[in-house]
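Here is how the chains run, residue by residue.
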Amino acid sequence: MSKTENAEEMIKKVRDHQEIVDVLHRFMAAQDSADWDALLETITPDARVESARFGEMRGADEVVAVCKRALSHYDGIIHVMNNVRIEQNGDKAKVHYYAISYHLRRGVEGGETLTNRGMNTVDVVRTGQGWKLDCYRSSKIAWQEGNPKVRVNKADPATHGG
């Protein structure tokens, strides 16, 4: 390989890394802002989510519907990811990262906030529209602080625990 080929390959690798991180940021930001159309743009049509809390979801429409159901009762949500590790193999990659999610629901007795921390794994694929999430596996919560009642949606206790 020439120096030019090495440089081009390195630039492609760095660009892929940034685009993969970007789709994950957009995935989380769409949930935080309840922008369900934007969420749909970050996942493949056959996307799968494996959630320790909500079980397995298949297909983009079901994933978005469950996210909407699970998150719509909060007054505010902020997802943060760090320590991103990407194992790329061509047009596919497995991403591991730490996640912190802050939840706010005003007026809850015992405190209005709940913070979860955990480790997640995501499979992403390169599509004609860029990188998209194909399988999202949320971990069991590593630890939690705050008021667990914040997560309870009284209108939907089967989904959120009561």
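Thresholds applied
- Residues numbered from 1 in each chain as written.
- Predicted model: local features only at pLDDT ≥ 70, side-chain atom pairs only at ≥ 80, totals over all residues.
- Heavy atoms only, no water.
- Helix = DSSP H or I, 4+ residues; strand = E, 2+ residues; numbered from the N terminus.
- Buried < 20%, exposed > 50% of the residue type's maximum accessible area, 1.4 Å probe, protein only.
- Contact = heavy atoms within 4.5 Å.
- Phe/Tyr/Trp six-rings, centres within 6.5 Å; stacked < 30°, edge-to-face > 60°.
- Lys NZ or Arg CZ within 6 Å of the ring centre and 35° of its normal.
- Patch = residues over 30% accessible without salt bridge, like charges linked within 9 Å, V, L, I, M, F, W, Y side chains within 5 Å.
- Areas by Shrake-Rupley, 256 points an atom, 1.4 Å probe, with all protein chains shown as cover.
- Salt bridge = Lys/Arg side-chain N within 4 Å of Asp/Glu carboxyl O.
- Expected span 1.5 Å × (residues − 1).
- Arc of directions from axis to C-beta.

Some words on the overall build of the protein chain
- Per the secondary structure count, the protein chain includes four helices and seven strands.
- Order of helices (α) and strands (β) in the protein chain, N terminus to C terminus: α-α-β-β-α-β-β-β-β-β-α.
- When the backbone C-alpha atoms are referred to their principal axes, the protein chain occupies close to 65 × 30 × 25 Å.
- Among the 162 residues that make up the protein chain, the fraction classed as buried is 39%.
- Summarising the internal contacts of the protein chain: among those between residues at least 6 apart in sequence, 57% fall at separations of at least 24.

Remarks on the packing of aromatic side chains
- The full count for this structure, using the stated rule, is one aromatic pair.
- For the pair phenylalanine 27 and tyrosine 136, a centre-to-centre distance of 5.3 Å together with 45° between the ring planes defines the contact as tilted. Here phenylalanine 27 is found in helix 1 (residues 3-32), whereas its partner tyrosine 136 is found in strand 6 (residues 130-137), with 109 residues between them in sequence.
- Overall, phenylalanine 27 belongs to the buried group, its relative accessible area being 3%.
- Taking relative accessible area as the criterion, tyrosine 136 reaches 15% and is therefore assigned buried.
- Sitting above the plane of the tyrosine 98 ring, arginine 85 keeps its charged end 5.3 Å from the centroid.

Some words on a nonpolar patch on the surface
- Residues Ile78, Val80 and Tyr102 make up a contiguous nonpolar surface patch of about 250 Å² in total accessible area.
- Within the secondary structure, isoleucine 78 is located in strand 3 (residues 76-89).
- Among the residues examined, isoleucine 78 registers a relative accessible area of 49% and is labelled partly exposed.

Considerations on helix 3 (residues 60-71)
- Relative to the 16 Å expected for twelve residues at 1.5 Å per residue, helix 3 spans 16 Å between its end C-alpha atoms, a close match to the ideal helical length.
- Listed as buried for helix 3 are Ala60, Val63, Val64, Val66, Cys67, Ala70 and Leu71. All buried residues of helix 3 lie within an arc of 165° about the axis, which places them on one face of the element.

Everything listed here is a matter of coordinates, which is why it stays silent on function.
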